[in-house]
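Breakdown of the fold
Chain by chain, the residues:
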Number of protein chains: 2
Amino acid sequence: MNQDMVVMKFGGSSVETIEKMQRVAERIIKKTETFEKVVVVVSAMGKTTNQLLELAKQAAKYPSKREIDMLISTGEQVSISLLTMILNEKNKHAIALTGFQAGIKTGGLHTKNKILDIDTSKIEGFLNERKIVVVAGFQGYNENGDITTLGRGGSDTTAVAIAAKLQCQAEIYTDVDGIYGVDPRLYKEAKKIDVISYEEMKEMAFLGAKVMEPRSIEIGHRYHIPIYVASAHNDEIGTYIKEYKKVEEKTITGLSISEKVMMVTIVNFPAYAKDIAALFIKLAENEINVDMINQTPTGEGLINLAFTASADDLEAINEVLEDIAKRYQEIDVIKNMNVVKVSVVGTGMRTQSGVAAELFKLLADHHIEFNLVTTSEISISYTMDKKHKQKAVEVISHHFGL
Amino acid sequence: MNQDMVVMKFGGSSVETIEKMQRVAERIIKKTETFEKVVVVVSAMGKTTNQLLELAKQAAKYPSKREIDMLISTGEQVSISLLTMILNEKNKHAIALTGFQAGIKTGGLHTKNKILDIDTSKIEGFLNERKIVVVAGFQGYNENGDITTLGRGGSDTTAVAIAAKLQCQAEIYTDVDGIYGVDPRLYKEAKKIDVISYEEMKEMAFLGAKVMEPRSIEIGHRYHIPIYVASAHNDEIGTYIKEYKKVEEKTITGLSISEKVMMVTIVNFPAYAKDIAALFIKLAENEINVDMINQTPTGEGLINLAFTASADDLEAINEVLEDIAKRYQEIDVIKNMNVVKVSVVGTGMRTQSGVAAELFKLLADHHIEFNLVTTSEISISYTMDKKHKQKAVEVISHHFGL
């Protein structure tokens, strides 16, 4: 680990205006007092990316994705240029690098690229000249020399990937001041977590906590570099995501809520593997990510099949269901948009049995009914009616001291 | 000359909105009916470049020029992306290339770069696949891999330089529908020129006609490729700029007016070469381009020294003059902002003597007084009071049938 080096990342809302950029510049300059070499990764200013996508929509019904990448990548190019001008004006030598110039090689589909490798020679060269290197987040280039973008959470991924290659700490400055065991807007007494393991953080992100995308945590995990999440607006101490073995492990570290969930129940579906497989293949072909699945026998050769998916996929799901309803005349289809998914996460579950039982009892004691349950090694998720959400959050958070 | 290939260029006002881009796309598609291979060069949408420069000014008093280039180059990146989406949506395969991707190598100072060479292999590859290649005007990259821009008229330069390398015609689509002997806003009966030689066009551009920058005409001249200037808004026939020998040469081809002129007269300056040289060196050091110079002896060892310069340089000129006034206590300095420069251009002058005399007489007959006169091989320029401008334009245009 290089202790004299750091990668700082600032999101779109932190560089929304020139005024806010000035404040970000001050924070960066302060950082140079304790770190000799500073890399800064920035997103596009405020809502720029959405505005550019809006223009693309006006230009074409199905805009070519290569050109979408070329278009939206201008957002970060603008913000790195301006931030660098500000730093230079404050007599801190800084240099702006696009994704291409920073050597960020990507592969995959346009608008959804993944970082394959980073040639950090240019970044390191400027760091050795003691320049603050300001890198455009969210973008890179592919083997054809096309400009590419990284999709959701792309700037976090850029920052953590650069830190991984440079073997130094990544600091993510954001609108929240750290990671909480449970969303403070839902539970007033929510406690900030000082340190959380990569695994727990990944699980929480997958389950709906929106502070960071799981991709960047995965990279941090693989390259063993600590990620520090803190407020872009104040100096409060944030949360470290890193390799972490607790002496006395807490059973549950966090609780996360996913609101954009829908539940589909197919009543009296045939209980044959080939029919069930055909249904899920069809859902997959239509790019619908099925999350939780439950099947219950209802009679001779028949089952009730329930699954959850993202409410964003409603249209695609409707299409598949119409098709299914034509094929199987005897079934009934029930869609429920009125559900939330409540998940609890904790590496402690692995070693302590009975967490599920403890949770079941807790919910039952408080008359909170749930529909589907899934468990992973370090998490348990329940879908329940929206009306139970607040009560479930409070009961669980209180019980486990989140 | 490749007859199956063409480079079309559209300026900022032609791609100001998505709607206008749709019309540009139609014109491009129509062009593919007669040319197999079409390259399109576009500027930034409308006033984008100025808006970005405004942001830079807010960010820093002296924004770093490398980052100004990076910032303003996003303007063309946006317009090529959108135009390409529109072409693709209309089922014409198109591909957008930034200056870097198009292989446009530049050298010089940031914000004022010159094209050194173009590696057209990528452009040609896509043309061979029968793709419309949409290239960002105004930008390139330097030996460090930095993004660069070409300064005023940069997109014209990009278009003509690509045409020069591909050895095909360049077509510049603009707000005017061709080159006129005299500005139609000043002389209602102005005639459009069908064909004009590179030399005449260059001279007119240098002397203030704003249709095209002299740089791009120079490139067309050097590589012997015809440049066609026509309206972006209608199908009227425009003007060809090319190698052109007229059978019966017209004496005067065009008249151009330069309004941003100031005249400085220094009364009783010492008539010694070293003092005069020192003055002009000082002006040059302050990046003031002196245009016309006149000196008249006034007495023993004294002269009146008059020169013109761009009114944009007023501030720098004032500084130099203050310094001069301190050094030479006996002089008087008169600044006149109320002048225009009227220039007549024609390769015919070279072979016909007496054009200057004819013009002097014409102006005298109409009581039009002038201050300074300069002549080149194919032009004569006069500075005169602004009040004489309209009359001079009409008299000269009428006399020479412009």
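Note that the structure is a prediction, hence the values are computed from the model and not measured. (Residues numbered from 1 in each chain as written. Chains lettered and ligands numbered in written order. Predicted model: local features only at pLDDT ≥ 70, side-chain atom pairs only at ≥ 80, totals over all residues.)

Quick word on the overall build of chain A
The following threshold applies: Only runs of H or I of at least four residues qualify as helices and only runs of E of at least two qualify as strands under DSSP, and these elements are numbered from the N terminus. Computation of the radius of gyration draws on C-alpha atoms, with the globule rule given as 2.2 Å multiplied by the number of residues to the power 0.38. To sort residues by burial, count the other C-beta atoms lying within 10 Å of each one's C-beta; a count of 20 or more means buried, 12 or fewer means exposed, and anything in between means partly exposed. C-beta atoms are built from the backbone. For every residue pair, C-beta atoms are placed from the backbone, and the pair is scored as a contact if these atoms sit within 7 Å.
Per the secondary structure count, chain A includes 11 helices and 18 strands. The globule rule puts the C-alpha radius of gyration for 402 residues at 21 Å, and the 24 Å found for chain A is close to it. Counting only residues that meet the buried cut, chain A has 47% of its 402 residues in that class. Partitioning the contacts of chain A with sequence separation of at least 6, the portion at a separation of at least 24 is 73%.

Quick look at the pairing of strand β14 (residues 290-299) of chain A
Residue and element names in this part refer to chain A. Using the following cut-off: One bridge is not enough; two strands pair if DSSP finds at least two bridges between them.
Relative to strand β15 (residues 302-310), β14 is paired through 7 bridges, and the arrangement is antiparallel. Across the sheet, T296 pairs through a bridge with N304, a residue of β15. The hairpin turn running from β14 into β15, its antiparallel successor, is 2 residues long, and G301 in that turn takes a positive phi close to 65 degrees.

Some thoughts on the sheet that holds strand β15 (residues 302-310) of chain B
All names here are of chain B. Basically, it comes down to this: Axis lines are fitted through C-alpha atoms, for helices just across the contact stretch, and the angle between N-to-C directions can take any value from 0 to 180 degrees.
Read across the sheet, 6 strands follow the order β14-β15-β13-β16-β18-β17 without closing on themselves; strand pairing throughout is antiparallel. The open sheet is flanked by β14 (290-299) and β17 (370-376), the only strands paired with a single partner. Each strand of the sheet is rotated relative to its neighbour by a mean of 25 degrees, with strand direction disregarded. Of the strands in this sheet, β13 (254-270), β16 (332-345) and β18 (379-385) are in contact with helix α11 (residues 389-400), which crosses β13 at around 125 degrees.

Structural notes on the relation of the copies chain B and chain A
Keep this limit in mind: Only residues with pLDDT of at least 70 in both copies count here: their C-alpha atoms drive the least-squares fit that superposes the copies.
With an RMSD of 0.1 Å, chain B superimposes on chain A once it is rotated by 180 degrees and translated 0.1 Å along the axis. Read as a symmetry element, the transformation amounts to a two-fold axis. Taking the C-alpha atom as reference, chain B places T74(B) closest to the rotation axis, 2.7 Å from it. Here 96% of the contact residues of chain B are again contact residues in chain A; the copies associate through an equivalent surface.

Describing the interface of chain B and chain A
For an interface, size is often stated in terms of accessible area lost upon the parts coming together. Which entries qualify depends on this criterion: Residues are grouped as follows: Ala, Val, Leu, Ile, Met, Phe, Trp, Tyr, Cys and Pro are nonpolar; Asp, Glu, Lys and Arg are charged; every other residue, Gly included, is polar.
On the side of chain A, 26 residues touch chain B, which itself brings 27 residues to the contact. Those elements giving two or more residues to the side of chain B that touches chain A turn out to be α1 (18-31), α2 (48-59) and α3 (65-89) of chain B. Considering every element that reaches the side of chain B that touches chain A, the biggest residue donor is α3(B), with 13 residues. Partitioning the side of chain B that touches chain A into residue classes produces 15 nonpolar, 9 polar and 3 charged.

Some remarks on the domain arrangement of chain A
To keep things clear, this is the line we draw: These domain boundaries are the output of an automatic or database domain assignment.
As assigned here, chain A comprises domain 1 (5-174) and domain 2 (255-400). Between the C-alpha centres of domain 1 of chain A and domain 2 of chain A there is a distance of 38 Å.

Overview of the packing of helix α2 (residues 48-59) of chain A against α3(B)
Let me state the cut-off plainly: We call two directions roughly parallel when the angle between them is under 35 degrees, roughly antiparallel when it is over 145, roughly perpendicular when it lies between 65 and 115, and oblique otherwise. Whether a crossing is left-handed or right-handed is set by the direction in which the near helix is turned from the far one by less than a right angle, anticlockwise for left-handed and clockwise for right-handed.
It is the contact of α2(A) with α3(B), at a shortest axis distance of 9 Å, that shows an interaxial angle of 30 degrees. As far as their axial angle goes, α3(B) and α2(A) are roughly parallel. Viewed along their axes, α2(A) and α3(B) form a crossing whose handedness is right-handed. Along the contact surface, α2(A) presents L55(A), A56(A) and A59(A), while α3(B) presents L82(B), M85(B) and I86(B).

Considerations on the nonpolar core
The condition is simple: The term nonpolar core refers to a group of buried residues, namely Ala, Val, Leu, Ile, Met, Phe, Trp, Tyr and Cys, whose C-beta atoms join them within 7 Å.
V7(B), V40(B), L83(B), V134(B), V135(B), I162(B) and A163(B) are the most contacted members of the largest nonpolar core, which totals 118 residues. Counting residues in hydrophobic clusters, the runner-up holds 117 residues, among them L83(A), I86(A), Y180(A) and A205(A).

A few points about the sheet that holds strand β9 (residues 169-174) of chain B
All names here are of chain B. Read from one edge to the other, the open sheet built from 8 strands follows the order β3-β6-β2-β1-β9-β11-β12-β10, with strand pairing classed as mixed. Single-partner strands in this sheet number two, and they are β3 (94-97) and β10 (195-196). Pairing analysis gives 6 bridges linking strand β1 (residues 5-10) to strand β2 (residues 37-42), with the strands arranged parallel. Paired with M5 across the two strands is K37, which belongs to β2. The strands that α1 touches are β1, β2 and β6 (132-136); relative to β1, the one it contacts most, it runs at about 170 degrees.

Side note on α2(A)
All names here are of chain A. Formally: In a helix, the anticipated span is given by 1.5 Å times the number of residues less one. The arc refers to the directions leading from the helix axis to the C-beta atoms.
The terminal C-alpha atoms of α2, which comprises 12 residues, lie 17 Å apart, in line with the 16 Å expected from a rise of 1.5 Å per residue. Those residues of α2 not exposed but buried are T49, L52, A56 and A59. End-on, the buried residues of α2 take up no more than an arc of 75 degrees, which puts them together on one face. Exposed residues on α2 whose side chains face more than 90 degrees from its buried face are N50 and E54.

Observations regarding the confidence of the model for chain A
What counts is decided by this rule: What pLDDT reports is the predictor's confidence in each residue, on a scale of 0 through 100.
Residue-level pLDDT values for chain A average 90, and 97% of them are 70 or greater. The complex prediction reports pTM at 0.81, with the ipTM value standing at 0.80.

What to know about unusual backbone geometry
Residues and elements named next belong to chain B. Even without glycine at this site, N268 takes up a positive phi of about 65 degrees. Mapped onto the fold, N268 is located in strand β13. Given 16 C-beta atoms within a 10 Å radius, N268 is considered partly exposed. Even without being a glycine, H367 presents a positive backbone phi close to 55 degrees. Its location among the elements puts H367 in the loop between α10 (355-365) and β17.

Structural notes on the packing of helix α3 (residues 65-89) of chain A against α3(B)
It is the contact of α3(A) with α3(B), at a shortest axis distance of 8 Å, that shows an interaxial angle of 165 degrees. Classed by the angle they form, the pair α3(A) and α3(B) counts as roughly antiparallel. Every pair of crossing elements has a handedness; the one defined by α3(A) and α3(B) is left-handed. The segment α3(A) lies against α3(B), with E67(A), M70(A), L71(A), T74(A), Q77(A), V78(A), S81(A), L82(A), T84(A) and M85(A) engaging E67(B), M70(B), L71(B), T74(B), Q77(B), V78(B), S81(B), L82(B), T84(B) and M85(B).

As for the environment of E369(B)
Residue and element names in this part refer to chain B. Along the chain, E369 falls in the loop between α10 and β17. The exposure class assigned to E369 is exposed, which follows from the 10 C-beta atoms found within 10 Å. Distance from E369 to A392, taken between C-alpha atoms, is 9.7 Å for residues 23 residues apart in sequence. Leaving out residues up to four positions away in the same chain, E369 has contacts with M384 and H388.

Thoughts on the environment of L283(B)
Residue and element names in this part refer to chain B. Tracing the sequence through the fold places L283 in helix α8 (residues 273-285). Expressed as a C-alpha distance, the spacing of L283 and L321, which sit 38 residues apart in the sequence, is 9.2 Å. Those residues within four positions of L283 in sequence are excluded, and the remaining contacts are I288, V290 and V320.

Quick notes on helix α1 (residues 18-31) of chain A
Residue and element names in this part refer to chain A. With 14 residues, α1 ought to run about 20 Å at 1.5 Å a step, and its terminal C-alpha atoms sit 20 Å apart, in line with that. Residues of α1 that are buried include every one of M21, V24, A25 and I28, and no others. End-on, the buried residues of α1 take up no more than an arc of 105 degrees, which puts them together on one face. Of the exposed residues in α1, the ones pointing more than 90 degrees away from its buried face are E19 and K30. Structurally, α1 contributes buried residues whose contacts are with β1 (5-10), β2 (37-42), α3 and β6 (132-136).

A closer look at the environment of D312(A)
Tracing the sequence through the fold places D312(A) in the loop between β15 and α9 (314-327). The spatial distance from the C-alpha of D312(A) to the C-alpha of M349(A) is 31 Å, given a sequence separation of 37 residues.

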